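Observations on chain architecture
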Protein chains: 2
Amino acid sequence: MKIAVDAMGGDYAPTEVVKGVELARDAYPDLEFLLYGQAEKVTPLLTDTTRITVMPAPEVITMEDEPVRAIRRKKQSSIVLAATAVREGEADAFLSAGNSGAVLAAGLLIVGRIKGIDRPGLTTTLPVLQKPDQSSFVMLDVGANADTKPFNVVQYAVMGQYYAQSIMNVKNPRVGLLNNGTEADKGDQNHRAIHDALAGMDSINFVGNVESRDLLSGVADVVVTDGFTGNATLKAIEGTALSMLKLIKGEIMSGGLGGKLGAAMLKPVFKNVRSAMDYSQYGGAVLLGLKAPVVKTHGSSKAGTIKNTIAQIHELLETHSAEQLVSYFDQHTDEMAALKESLK
Amino acid sequence: MKIAVDAMGGDYAPTEVVKGVELARDAYPDLEFLLYGQAEKVTPLLTDTTRITVMPAPEVITMEDEPVRAIRRKKQSSIVLAATAVREGEADAFLSAGNSGAVLAAGLLIVGRIKGIDRPGLTTTLPVLQKPDQSSFVMLDVGANADTKPFNVVQYAVMGQYYAQSIMNVKNPRVGLLNNGTEADKGDQNHRAIHDALAGMDSINFVGNVESRDLLSGVADVVVTDGFTGNATLKAIEGTALSMLKLIKGEIMSGGLGGKLGAAMLKPVFKNVRSAMDYSQYGGAVLLGLKAPVVKTHGSSKAGTIKNTIAQIHELLETHSAEQLVSYFDQHTDEMAALKESLK
């Protein structure tokens, strides 16, 4: 299994990306890496070139570049060359911590969609708190598409189901539709139509509408939504968790000696809380629906997160998740065509 | 100033509602109350009838009732009679902790919209954490409409601005549009159109797009969004805050003696955190855009929250917030007509 890695993307690139790749290489003897970047910067960082090939990519797509234009113009960039390697079958997956829009555009325009899937969906894994038999759930789309049609969300359910099976090792994942209430008739006309379509699909273990209030309690294994709402929900969860940790820290700091002593004693507790909320432990966001795994990790990723993300890609490749999707949509062309027609 | 109160709505009605009304009556000598409910249940709970008149309402709209149908059929319910009193000018505002949909429907269908406002928006106040010069912000629509048009969101900005002036005592509130990125061109076509419309309005202090990640950090005083996204964002904030407090508590409980000692020392810290996150301190959700304040508090409201909500209504009445909106939309009919046309 070979992974094409963008060595130039992210706040700590290329140093931390290279470090992360080396950690993953040491952990997974069955992985090889194509490391795309400016060779004069990347090569000196490598301590050991076993199963790592530096692939020269003189151009760099920056965070300021307009994604689609950058993909079209910077043909010699690490993102374009790495994605092209996947399309050409020279690599099995693509990983980047760089410009999100450019990574998504490269996935869509270069790697390409699975036949039968209208829109790929950006998928993230989030923690479930205080539930003994469930530690995480996946949500999509969290922002690949700002303009989503009901049929796209129905396809996300299938994609999310296979993903949860691969990554979370859940046999029959519970799929929920994010809505403004749990009753079947909640939401606008589109959401009622999506609800009814999902309820009618034999291949989906649909548990009905779910509310964003209950996500971290583990109300579903897979949560599907349009890219706009998913993005707002994901960022609200992130922002609230961070703000609360800051608030608690601030309150302790201004709380006098008792508070500081208490804080010292609670150090392990806060460490656990921070680690429970740290969803970089689950790797990056996966653009599902493409012919091969395309994974975007946080721009602030350090070596540990890069390594976790490669572990996630390893899992996706080992379970043949993309091939499973291909075969599902191949076998369900009639059902999909009928659903698309009915959701128009 | 006279407030019509639904004594029968909420998990702890009528006991806690009556208690809350009495607390508010004692705190605000300029307030009078019309207390709608089943007289045989409500009257015995009153310890002192000064400035409180029990208004018999034999029917009760339950949480299970379908809102619009209930409003039409249960003409003798506390919700219908209280809203009717406001329409008839017998009361200046309406408060309920009951069936949200029914309260919204009663506001819209009985109290009625301000001329020139297409859709009312449900408005909630949320805390800002760790910012010395800002303790809260308001967000609308958080769920009155599942099907929102761009023009509605533009009107929410005006409504939110007046509300923030009344309630938060901010002279020139910063208005932000919830979007999937901060740049001006983010979001779908609708969001770009809303952004440009708001940027072109002289009467709005528009600060551009904001992300849900930054809301609790105080990125704006007023955040406008469609009712579906607003609902998902509000519930994600609520759910994450609650889950984190539970997680921390769980970690402490399983943390051995050191953890428990630390927890004891940190008690005041957690009290402050809980109180900072408790947005019932700001009262209820206000359905803005109606001829008079219609306010819905949490179903789980106890006397203290009922009292806080009455304090909020007192503020709205004292600052003539509804009259200010009436006069704004009266003076801006041409601008509104042009905006509505351009946003079609």
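For every chain, the first residue of the written sequence is number 1, and numbering continues from 1 onward in sequence order. Both sets of labels track the order of writing: A upward for chains, 1 upward for ligands. Totals for whole chains, interfaces and linings use all residues, but because this is a predicted model, local features are given only for residues with pLDDT of at least 70 and pairs of side-chain atoms are given and counted only at 80 or more. Excluding hydrogens and water, the side-chain figures rest on all heavy atoms present in the structure.

For clarity, the cut-off: UniProt positions are given in the numbering used here, feature names are shortened, and annotations may be inferred rather than shown by experiment.
Within an unreviewed UniProt entry, the label attached to chain A reads Phosphate acyltransferase, and the organism entered is Levilactobacillus koreensis. Taken from UniProt, the Subcellular location (unreviewed entry) comment for chain A reads in full: "Cytoplasm". UniProt lists a comment for chain A under the heading Sequence similarities (unreviewed entry), and it reads "Belongs to the PlsX family."

Some words on the sheet that holds strand β1 (residues 2-6) of chain B
Residue and element names in this part refer to chain B. Here is the rule: Whether two strands pair depends on DSSP finding at least two bridges between them. Secondary structure elements follow DSSP: runs of H or I no shorter than four residues count as helices, runs of E no shorter than two count as strands, and numbering proceeds from the N terminus. Helix axes are fitted only over the stretch in contact, all axes being lines through C-alpha atoms; the angle between N-to-C directions runs from 0 to 180 degrees. Residues count as neighbours in contact if any of their non-hydrogen atoms are within 4.5 Å of one another.
Taken in spatial order, the eleven strands of this open sheet run β3-β2-β1-β4-β11-β10-β5-β6-β9-β7-β8, and their pairing is mixed. Strand pairing shows two members of the sheet lacking a second neighbour, β3 (52-56) and β8 (206-210), which therefore form its edges. Geometrically, the sheet is characterised by an average inter-axis angle of 25 degrees between neighbouring strands, direction not taken into account. Here three bridges tie strand β6 (residues 136-140) to strand β9 (residues 222-224), and the two strands are oriented parallel to one another. Residue pairing across strands places L140 opposite V224, the latter belonging to β9. Of the strands in this sheet, β1, β2 (32-37), β3 and β4 (93-96) are in contact with helix α4 (residues 78-87), which crosses β4 at around 165 degrees. With respect to the sheet, helix α11 (residues 303-318) is in contact with β1, β2, β4, β10 (285-288) and β11 (294-296), its orientation differing from that of β4 by roughly 160 degrees.

Thoughts on the pairing of β10 of chain B
All names here are of chain B. This is how it is decided: Exposure classes here rest on a 1.4 Å probe applied to the protein chains alone. A residue is buried below 20% of its type maximum, exposed above 50%, and partly exposed in between.
Across the two faces of β10 the burial is the same, with A285 and L287 and V286 and L288 all buried. Where β10 lies against β11, two bridges are found, and the strand directions are antiparallel. Directly across from A285, in β11, lies its bridge partner K296. Hairpin connection between β10 and β11: a loop of five residues separates the two successive antiparallel strands, and G289 in this loop has a positive phi of roughly 105 degrees.

Considering the interface of chain B and chain A
Stated precisely, the cut-off is as follows: Once two parts are brought into contact, the accessible area they lose, counted with a 1.4 Å probe and summed over both, makes up the buried area. Note on definitions: salt bridges are taken to be side-chain nitrogens of Lys or Arg within 4 Å of carboxyl oxygens of Asp or Glu. Any residue outside Ala, Val, Leu, Ile, Met, Phe, Trp, Tyr, Cys, Pro, Asp, Glu, Lys and Arg is labelled polar, Gly included; the first ten of those are nonpolar and the last four are charged.
Each side of the interface is counted separately: chain B has 51 residues, and chain A has 51 residues. A buried area of about 4400 Å², summed over both sides, lies between chain B and chain A, and 70% of it is on carbon and sulfur atoms. By the criterion of area lost to chain A, the three top residues of chain B are R213, F228 and M244 of chain B, representing 15% of everything that side buries. Of the charged contacts in the structure, one is a salt bridge between R213 of chain B and E238 of chain A, with a shortest N-O distance of 2.9 Å. Contributions of two or more residues to the side of chain B that touches chain A are made by α7 (189-199), α8 (227-253), α9 (256-265) and α10 (267-277) of chain B. Of all the elements, α8 of chain B adds the most residues to the side of chain B that touches chain A, at 21 residues. Among the residues making up the side of chain B that touches chain A, the classes are represented as 23 nonpolar, 20 polar and eight charged.

Section: the side chain of S96 of chain B
Residue and element names in this part refer to chain B. In plain terms, the rule: For the purposes of these results, a polar contact is taken to be a pair of N or O atoms within 3.5 Å, where, inside protein, one atom must be able to donate a hydrogen and its partner to accept one; residues adjacent in sequence count only when each atom of the pair is a side-chain atom.
The residue S96 is located in strand β4 in this model. Polar contacts involving the side chain of S96 include one to the side chain of D6, which spans 2.7 Å. Among residues more than four places away in sequence, those in contact with S96 are D6, I79, V103, V295, K296 and T297.

A closer look at the domain arrangement of chain A
Residues and elements named next belong to chain A. Note the following rule: Either an automatic procedure or a domain database provided the assignment from which the domain bounds are taken.
According to the domain assignment, chain A consists of domain 1 (1-117 + 289-320) and domain 2 (118-284). Between the C-alpha centres of domain 1 and domain 2 there is a distance of 26 Å. Counting from both sides, the interface comprises 18 residues of domain 1 and, opposite them, 17 residues of domain 2. Interface area, domain 1 with domain 2, both sides summed: about 1300 Å², of which 63% is carbon and sulfur.

Let's talk about the sheet that holds strand β1 (residues 2-6) of chain A
Residues and elements named next belong to chain A. A sheet is described by the order of its strands in space; here eleven strands give the open sequence β3-β2-β1-β4-β11-β10-β5-β6-β9-β7-β8, paired in mixed fashion. Each of the sheet's edge strands pairs with one partner strand only, and the pair in question is β3 (52-56) and β8 (206-210). Going across the sheet, the axis of each strand differs from the next one's by a mean of 25 degrees, ignoring polarity.

A short note on the side chain of E22 of chain B
Residues and elements named next belong to chain B. Note on placement: E22 falls in helix α1 (residues 15-27). Under the relative-accessibility criterion, E22 is labelled buried at 7%. Within polar-contact distance, the side chain of E22 engages the backbone nitrogen of D48 at 3.2 Å. Beyond its immediate stretch of four places on either side in the chain, E22 contacts L45, L46, T47, D48 and I52.

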